[in-house]
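Now for the letters of each chain:
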Amino acid sequence: MPNETAADRILSGLEAAPIFDPHSHINPHSPTSETLADILGYHYYTELARSAGLAKEQIEPAAGPLDPKELVANLVPTLERLDNTVQLSWFIELAQTFFGWDGDRLTRDNWEALYDEAAKQMAEPGYTDRIIRQTNLEKVFLTNDFDDPLEDFDTNFYVPCLRTDDLVFKLHTPEVRERLAKATGIEVGDSDSLRAAIRKLFEHFTSKGAGACAISLPPDFEPGEPDEDLTINEYLKAFRGDEEAIAGLRMELPEVVSDAAEKAGLTAEDLDRMFVEGGEYDVSRFVFWTLAEHCREFGLPFDLMIGVNRNVYPAGVHQGRDLYDSRCSLSQYAELFNAFPEVTFPVSVLAPTMNQELVSYAWIFPNVVANGHWWYSNIPAHIAPNLRARLQAVPGDKVVGYYSDAYKLEFVLPKFAMYRKILAKELAAEFCESRGWSEERAVEFGLKVLRGNSERLFGG
Amino acid sequence: MPNETAADRILSGLEAAPIFDPHSHINPHSPTSETLADILGYHYYTELARSAGLAKEQIEPAAGPLDPKELVANLVPTLERLDNTVQLSWFIELAQTFFGWDGDRLTRDNWEALYDEAAKQMAEPGYTDRIIRQTNLEKVFLTNDFDDPLEDFDTNFYVPCLRTDDLVFKLHTPEVRERLAKATGIEVGDSDSLRAAIRKLFEHFTSKGAGACAISLPPDFEPGEPDEDLTINEYLKAFRGDEEAIAGLRMELPEVVSDAAEKAGLTAEDLDRMFVEGGEYDVSRFVFWTLAEHCREFGLPFDLMIGVNRNVYPAGVHQGRDLYDSRCSLSQYAELFNAFPEVTFPVSVLAPTMNQELVSYAWIFPNVVANGHWWYSNIPAHIAPNLRARLQAVPGDKVVGYYSDAYKLEFVLPKFAMYRKILAKELAAEFCESRGWSEERAVEFGLKVLRGNSERLFGG
Amino acid sequence: MPNETAADRILSGLEAAPIFDPHSHINPHSPTSETLADILGYHYYTELARSAGLAKEQIEPAAGPLDPKELVANLVPTLERLDNTVQLSWFIELAQTFFGWDGDRLTRDNWEALYDEAAKQMAEPGYTDRIIRQTNLEKVFLTNDFDDPLEDFDTNFYVPCLRTDDLVFKLHTPEVRERLAKATGIEVGDSDSLRAAIRKLFEHFTSKGAGACAISLPPDFEPGEPDEDLTINEYLKAFRGDEEAIAGLRMELPEVVSDAAEKAGLTAEDLDRMFVEGGEYDVSRFVFWTLAEHCREFGLPFDLMIGVNRNVYPAGVHQGRDLYDSRCSLSQYAELFNAFPEVTFPVSVLAPTMNQELVSYAWIFPNVVANGHWWYSNIPAHIAPNLRARLQAVPGDKVVGYYSDAYKLEFVLPKFAMYRKILAKELAAEFCESRGWSEERAVEFGLKVLRGNSERLFGG
């Protein structure tokens, strides 16, 4: 190429290496799509279409799921109007790469031909293998429910990861306690049985080569050494409706508060419920801390995805309802980082306020690793400055560049392609141009960020 | 041009379209300036001069306003020392464009000739028309007090907008209640009469073609479904000094608190005052919510300008006393956005923390629109990254690019010119260079952001 | 140079002027290094090595300090792995400049030769003078303990600065009260003696030509007009163990609180301790305010370095344990800025949230000056956008561009070199390219930011 720049050459160097994707939501039993509806039904598209004014009924009718082609037909006229988004550019790139599409805008005139052609190709034998090959994908990590049997797939390629949101935040629901009992054979009634159940999960996951324990956390969560077992035991009993436990917990309320409550017209029943609900947070902290203890024992990194508020927009589409609050700080995690020096914490953040904090915390705490560009942060406008700071100030071994977060394998390539372009530009500008590095050295460092660190930290 | 870049050509495309300015503080009865004092007396200059050390007495003497020429003579020596600011570059550009000035620095040596020449041109018949023509200004939206009669100007060019800060935050003052009574013929004594008065205002403003209802909000405001009418009624009575209402409100204080207050040495009078002051916030929330209900009914967008703290620097010049606090989040508005799906909320923010939030909230909530670059955010260093994220991740229909916020028409051109340059650069870099868009497509999208969306959302 | 850019030429202009460094931690009795251990023992390296996994024992053994060469030998293998950091690039640059080193990566193969060569050069007579000459350093400001005798060094070149963290935050410790008594001859027992002691310190420091009073502050500090002297007097007595004062303070606790405390099982002793600890904050505010009063009287700027949390990572190396919390705002300082219009407050911030606030506060408050790029903010990725906003929106006289914060003179050059490059680029892009300034004018403005403002504000 006559006008090839240093960034172009560095990009070629980065593209030559297979992709190692340390976090996704791929279903290993159905890793690729059957129709474009599996692709355009991704929440990144449905939520943007909803945000651009498409009625929820056109996407997720109350009467039940739409026919795939009908869903796409409904989406396209709205997607036309949001083709400025980088999310839609992922689609354009994957359609060109995987289906030989020659379009550059998805419109009501051309979508159907693409839909049919894609469906045809998706139905061909070896389609998944072709996507993996074209993506040059070496390995992809999953996000598994704690009660996933992890059976019937190649755990060497599709590496399991123990996702623990339900355990930490929903143990007060009978459903989660039942799933836990079923998965482990242990009825959780007190802290000992809870620990035993969690240990079973770690044994199961590590026996299948799990790469990490992971969780997403709301902005106001602040982990800490939990209350003594005795209190937790009472809460666990109270969750199960044990009246004595509820009454006992209520007793602990300082009299001045219960008097005030009484004056405010709260009944004993209100108070009981308040206690059980207040208990959720205590129990969440207890379960969270116990998970960290098991990460230490089993040698698993504990992926923290910090800052999401769930269901902020309840009228949104599936997975398009969550947002965040910038009033959040990694200070909330200092006690955790200090208490578990042996555990590696790859940290992902949402709020822009926390990105500089993440750089600084990874610069100081040996066990804090800056991990990828999560969700609302995963657009070039945010990736570029965040990445720049990480490359300049975090020890090179502690920057896990990127993960796809994909639900279908078709997205791994365009998402990584977006990231690699930004990485190549940053390397060329900061390291080659400003500091005089050779392009080879820049590529070597880029590959460490892009995959070397993931491989080392999450196992490979 | 031999070295013309893609950004230059896109800029030409953007410049070709008339300006549609959806938010200003223009006085339609005196839209342009009579002397340079009207221009350099803009708070952007007086506050910077004050900040650079000019005594307030030199700008706003206690004895009363200065002669216009004297004000400018006082300002210039200080303005010389802050000619690095983008605010001063607006002045340079407008002086060159509108007055044929050939200077590029305003100094104590050249200001007087410019002052005299400008005054001469400003006095010429058709001066305002010339400014509008040179600006290529199609329409400009105003900011009207709720009791503005909206008479004797062309509401098709100078579009009214109902500004509601006083109603929401100052209804406890007799002055505002009197102005409201005078404007609507309704004495506000309870929630019903308050609603009736607000309805009158909406009827009046929409009959004059108003484009929006608007308000600026402090960082700690958190709107929500208000208390039942009964409580509001008591507060409204208490504001008017009704002793029974005050006593009644005081009764609601839990005994434990009033005991503590007594021990702390507070008298019953202190408590009464606390109640009435506490009531302001309840009433603010009530009025705010009622405005949103009327926006829904009358089909008006509700412009939210979030985050300003008033009078942080009381010794500052007029309009140069307000600042903000970054500890603020759009989370505070989630309940509002959910409760009024039919109302469009164009949102402007001050704090940098809220800019990424705004991108994410506009990406999820159908009724949240990212609106312009407000006040302290309105400099290229902040506009560029904020705009970049909006262009990449918000549906293209939901980005209202820019408004001038101008007090005099002369400022519309240089402010929009600054924004258009940044927009053109971002379009060239992200859309043409990175994504391979044609320049025509980039211009088409740019014009949607620059004016198409304003036109559609605020009426035209 | 054939391909010399405007930025290159502006950089040359900036480099031609001597460096004026308004804040450092240089020890004037030992301003330069004796071995590379003095350089690589800088916390920027030891903390990064620690963060990259080096055991603390390898850096700061419990048994006592390592032999210098052994320390460097221990560090180098880890430093190899973090040569992406800008911190390490400072080292490369200083080694090349001062020791004639021709390497560009520090490795286990080449470090020893460099170590020996550097030690040889450092031992040569006139080494410090050579470093000063090569750095083209005109003056450097120190950070002195309040009880520093300030003797036996050239206070015209090494300008003293009164650092007051201990006074404000540790006056409750007997150690600090003893140091204060020894330095001033005044035993602090009440507010009057405290004021007298502080006045002695200001007299001493200003007699030695001190340039500023300075302090670093935690994110939750909120200065304000302090309690009346009477209360402070009681606290000061309580600090010294006066039982009557302790009992008296305890009496002020509202009964409802002490009842609750009793129910919670707190003893009278617990309460006493709580009081004395609570008192620390009151006393901190009192001392801080008193310092501001003395800055006013003695005409010293009061450097505020806002936002550091101490000892967040207690297992870190010396000076590598502090971090910050982004939930912090300059709003917390509005009362201070308003109360002391005669005092200049050069403000440095850590959290990214506060950088835009700093621009806006310096744009409004005459006595707020944007000061340098502090600690975790001192990397190009953060400097560039922060500087850009300051150059565009803060009056040019109120931007103190940079200080080195260095512990050894060898660091002044590479740190200033990093900053000057960024400054030159910003000047070329924003002022020459966008606004059409001449390069001479850009250099003139750059020099004001780089040194002119420091000289004027801190004395010279």
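Residues numbered from 1 in each chain as written. Chains lettered and ligands numbered in written order. Predicted model: local features only at pLDDT ≥ 70, side-chain atom pairs only at ≥ 80, totals over all residues. Heavy atoms only, no water.

Engineer: What should I look at first to understand the overall build of chain A in this one?
Structural biologist: The secondary structure content of chain A amounts to 19 helices and eleven strands. Against the globule reference of 23 Å for 460 residues, chain A gives a C-alpha radius of gyration of 24 Å, in line with a compact fold. Taking the principal axes of the C-alpha coordinates as reference, chain A spans close to 80 × 55 × 45 Å. Out of the 460 residues belonging to chain A, those deemed buried represent 60%. Taking all contacts inside chain A whose residues are at least 6 apart in sequence as the whole, residues at least 24 apart take part in 77%. (Helix = DSSP H or I, 4+ residues; strand = E, 2+ residues; numbered from the N terminus. Rg over C-alpha atoms; globule rule 2.2 N^0.38 Å. Buried < 20%, exposed > 50% of the residue type's maximum accessible area, 1.4 Å probe, protein only. Contact = heavy atoms within 4.5 Å.)

Engineer: So what exactly am I meant to see when it comes to empty space enclosed by the protein here?
Structural biologist: Over the atoms rolls a probe the size of a water molecule, and its path tells where empty space is left. Scanning the model with the defined rule gives five cavities of 30 Å³ or more in all. The calculated volume of the largest cavity comes to roughly 50 Å³. For the lining of the largest cavity, a count of residues per class yields no nonpolar, six polar and three charged. (1 Å grid on protein atoms, 1.4 Å probe; cavity = no way out; pocket = protein on both sides within 12 Å on 5 of 7 lines; lining within 4 Å. Points joined across faces, edges and corners; volume = space filled by probe spheres on them. Nonpolar A, V, L, I, M, F, W, Y, C, P; charged D, E, K, R; others polar.)

Engineer: When you look at the relation of the copies chain A and chain C in this model, what are you seeing that I'm missing?
Structural biologist: Superposition of the two copies of the chain requires a rotation about an axis and a shift along the axis. If you rotate chain A by 120° and push it 0.0 Å along the axis, it lands on chain C with an RMSD of 0.0 Å. The two molecules are tied by a three-fold rotation axis, judged by turn and shift. Each copy contacts the other with its own distinct surface, as only 8% of the interface residues of chain A are interface residues in chain C too. (Least-squares fit on C-alpha atoms with pLDDT ≥ 70 in both.)

Engineer: Quick question: what am I supposed to make of helix α6 (residues 111–123) of chain C here?
Structural biologist: Residues lying three or four places apart along an α-helix face the same way, a consequence of the helix completing one turn every 3.6 residues. Residues and elements named next belong to chain C. Taking 1.5 Å of rise per residue, 13 residues should cover 18 Å, and α6 covers 18 Å from first to last C-alpha, within 8% of that figure. Within α6, the full set of buried residues consists of Trp111, Leu114, Tyr115, Ala118, Gln121 and Met122. In an axial view of α6, the angular spread of the buried residues amounts to 135°, which keeps them on one side of the axis. Opposite its buried face, α6 presents the exposed residues Ala113 and Ala123, each directed more than 90 degrees away. Tucked into the core, α6 has its buried residues touching α2 (36–40), α4 (68–79), α5 (86–99) and α7 (127–135). (Expected span 1.5 Å × (residues − 1). Arc of directions from axis to C-beta.)

Engineer: Would you explain the relation of the copies chain C and chain B in this entry?
Structural biologist: Of the two same-sequence chains, chain C is brought onto chain B (RMSD 0.0 Å, axial shift 0.0 Å) by a rotation of 120°. Little of the interface of chain C is mirrored in chain B: 8% of its interface residues are interface residues there too.

Engineer: I'm lost on the packing of helix α9 (residues 174–184) of chain C against helix α10 (residues 191–207) of chain C in this one. Help?
Structural biologist: Two packed helices can be described by the angle between their axes and the distance between those axes. Residue and element names in this part refer to chain C. Following both chains from N to C, one finds α9 and α10 inclined at 60°, their axes separated by 10 Å at the closest point. On the basis of their axis angle, the class for α9 and α10 is oblique. In this structure, α9 meets α10 at a crossing whose hand is left-handed. Residues Leu180, Ala183 and Thr184 of α9 touch α10, and the partners they reach there are Leu194, Ala197, Lys200 and Leu201. (Axes fitted to C-alpha atoms, helices over the stretch in contact; angles between N-to-C directions. Parallel < 35°, antiparallel > 145°, perpendicular 65-115°, else oblique. Left-handed = near helix turned anticlockwise from the far one by under 90°.)

Engineer: I would appreciate a short explanation of the interface of chain C and chain B in the present structure.
Structural biologist: Often, the extent of an interface is quoted as the loss of accessible area on bringing the components together. The interface of chain C with chain B comprises 39 residues on the first partner and 42 residues on the second. Of all residues in chain C, Gln356, Trp363 and Ile364 of chain C give up the largest surface area on contact with chain B, accounting jointly for 24% of the area buried on that side. Counting every contact that joins chain C to chain B gives two salt bridges. For Asp397 of chain C, the salt bridge goes to Arg81 of chain B, with nearest N and O atoms at 2.3 Å. Counting every contact that joins chain C to chain B gives 25 residue pairs in polar contact (both at pLDDT 80 or more). Mapped by element, the contributors of at least two residues to the side of chain C that touches chain B are α13 (255–263), α15 (334–339), α16 (352–364), α17 (380–393), α18 (412–434) and α19 (439–458) of chain C. (Buried area = accessible area lost by both parts, 1.4 Å probe. Salt bridge = Lys/Arg side-chain N within 4 Å of Asp/Glu carboxyl O. Polar contact = N/O pair within 3.5 Å; in protein donor to acceptor, adjacent residues only side chain to side chain.)

Engineer: Explanation requested: the pairing of strand β5 (residues 212–217) of chain A in the structure shown.
Structural biologist: Side-chain positions along a regular strand alternate between the two faces of the sheet. Residues and elements named next belong to chain A. Counted residue by residue, β5 has six buried out of six residues, so it is predominantly covered. As defined by bridge partners, β5 adjoins strand β6 (residues 302–306) across five bridges and the pair is classed as parallel. From the neighbouring strand, Ser216 faces β6, where its bridge partner is Met305. (Pairing = 2+ DSSP bridges.)

Engineer: Which parts of the structure should I look at to understand the sheet that holds strand β2 (residues 137–141) of chain A?
Structural biologist: Hydrogen bonding along the main chain pairs the strands of a sheet, whether they run parallel or antiparallel. All names here are of chain A. Read across the open sheet, the three strands follow the order β1-β2-β3; overall the sheet is parallel. Only two strands of the sheet have a single partner each, and these edge strands are β1 (19–21) and β3 (158–159). For β2 and β3, the ladder comprises two bridges, and the chain directions are parallel. Opposite Phe141, over in β3, you have Val159 as the bridge partner. Helix α18 (residues 412–434) contacts β1 and β2 of the sheet and is inclined by roughly 105° relative to β1. On top of the sheet, helix α19 (residues 439–458) reaches β1 and β2; it is set at about 45° to β1, its chief contact.

Engineer: Looking at this model, I keep getting lost on the pattern of salt bridges. Mind explaining?
Structural biologist: Pairing between side chains becomes possible if they bear opposite charge and their charged atoms approach one another. All names here are of chain A. The tally for this structure, following the rule as stated, stands at 72 salt bridges over all chains. Here Arg451 ties to Glu138 by a salt bridge, and the two come within 2.7 Å at their closest N and O atoms. Of the two residues, Arg451 sits in helix α19 while Glu138 sits in strand β2, which places them 313 residues apart along the sequence. Judged by its relative accessible area of 10%, Arg451 falls in the buried class.

Engineer: Could you clarify how one ought to interpret the side chain of Thr184 of chain C in this entry?
Structural biologist: Note that Thr184 of chain C resides in helix α9. Take Thr184 of chain C: its relative accessible area is 7%, and that puts it in the buried class.

Engineer: How do you make sense of the interface of chain A and chain C when you look at a structure like this?
Structural biologist: Facing the 40 residues of chain A at the interface are 42 residues of chain C. Carbon and sulfur atoms supply 54% of the area that chain A and chain C bury against each other, a total of about 3300 Å² over both sides. When the buried surface of chain A facing chain C is broken down by residue, Gln356, Trp363 and Ile364 of chain A rank first, second and third, together holding 24% of it. Applying the counting rule to chain A against chain C returns two salt bridges. Of all the secondary-structure elements, those providing two or more residues to the side of chain A that touches chain C are α13 (255–263), α15 (334–339), α16 (352–364), α17 (380–393), α18 and α19 of chain A. For the side of chain A that touches chain C, a count of residues per class yields 17 nonpolar, ten polar and 13 charged.

Engineer: How should the packing of aromatic side chains be read in this particular structure?
Structural biologist: Any two aromatic rings considered together are summarised by their centre-to-centre distance and by the angle between their planes. According to the stated counting rule, one finds 99 aromatic pairs over all chains in the structure shown. A centroid spacing of 5.3 Å and a plane angle of 75° characterise the contact between Tyr44 of chain A and Trp90 of chain A, whose relative ring orientation is edge-to-face. Placement of Tyr44 of chain A in helix α3 (residues 43–51) and of Trp90 of chain A in helix α5 (residues 86–99) is noted, with a sequence separation of 46 residues between them. Overall, Trp90 of chain A belongs to the buried group, its relative accessible area being 1%. Centre to centre, the rings of Phe20 of chain B and Phe141 of chain B are 5.5 Å apart; their planes meet at 45°, and the pair counts as tilted. (Phe/Tyr/Trp six-rings, centres within 6.5 Å; stacked < 30°, edge-to-face > 60°.)

Engineer: Looking at this structure, I do not really get unusual backbone geometry. What am I missing?
Structural biologist: A negative phi angle is the norm for most residues apart from glycine, just as the trans form is the norm for most peptide bonds. Within the chain, Asp405 of chain B stands out as a residue other than glycine whose phi angle is a positive 60°. Structurally, Asp405 of chain B is set in the loop between β11 (399–400) and α18 (412–434). With a phi angle near 55°, Leu150 of chain C is a residue other than glycine that sits in the positive phi range. The topology assignment puts Leu150 of chain C in the loop between β2 (137–141) and β3 (158–159).

Engineer: Quick question: what am I supposed to make of the sheet that holds strand β5 (residues 212–217) of chain B here?
Structural biologist: All names here are of chain B. Strand order across the open sheet formed by six strands is β4-β5-β6-β9-β10-β11, with parallel pairing between neighbours. The open sheet has two edge strands with one neighbour each: β4 (161–163) and β11. Where strand β6 (residues 302–306) lies against strand β9 (residues 345–349), three bridges are found, and the strand directions are parallel. Across the sheet, Leu304 pairs through a bridge with Val347, a residue of β9. Helix α16 (residues 352–364) contacts β6, β9 and β10 (368–371) of the sheet and is inclined by roughly 140° relative to β10.

Engineer: Even after reading the chapter, I still don't get the nonpolar core, so can you show me in this structure?
Structural biologist: For soluble globular proteins, nonpolar side chains are generally found buried alongside one another. Grouped together as the largest cluster of nonpolar side chains are 469 residues, with contacts concentrated most on Leu304 of chain A, Leu304 of chain B together with Leu304 of chain C. Once residues lying within four places of it in the same chain are set aside, the contact partners of Leu304 of chain C are Ile215, Leu217, Phe288, Tyr333, Leu336, Phe337, Phe345, Pro346, Val347 and Ser348 of chain C. (Core = buried A, V, L, I, M, F, W, Y, C linked by side-chain atoms within 4.5 Å.)

Engineer: I tried to follow the domain arrangement of chain A on my own but got confused; where do I start?
Structural biologist: Residue and element names in this part refer to chain A. On domain assignment, one finds that chain A holds domain 1 (35–122) and domain 2 (137–458). Opposite the 19 residues of domain 1 that make contact, domain 2 presents 24 residues. Interface area, domain 1 with domain 2, both sides summed: about 1900 Å², of which 66% is carbon and sulfur. Three residues stand out in domain 1 for area buried against domain 2, namely Tyr42, His43 and Trp90, and they jointly supply 30% of the buried area on that side. Along the contact surface separating domain 1 from domain 2 lie one salt bridge. In this structure, Arg321 and Glu60 form a salt bridge, with 3.9 Å as the shortest nitrogen-oxygen distance. Counting across the interface, domain 1 meets domain 2 through five residue pairs in polar contact (both at pLDDT 80 or more). Secondary-structure elements contributing two or more residues to the side of domain 1 that touches domain 2 are α2 (36–40), α3 and α5. (Domains from an automatic or database assignment.)

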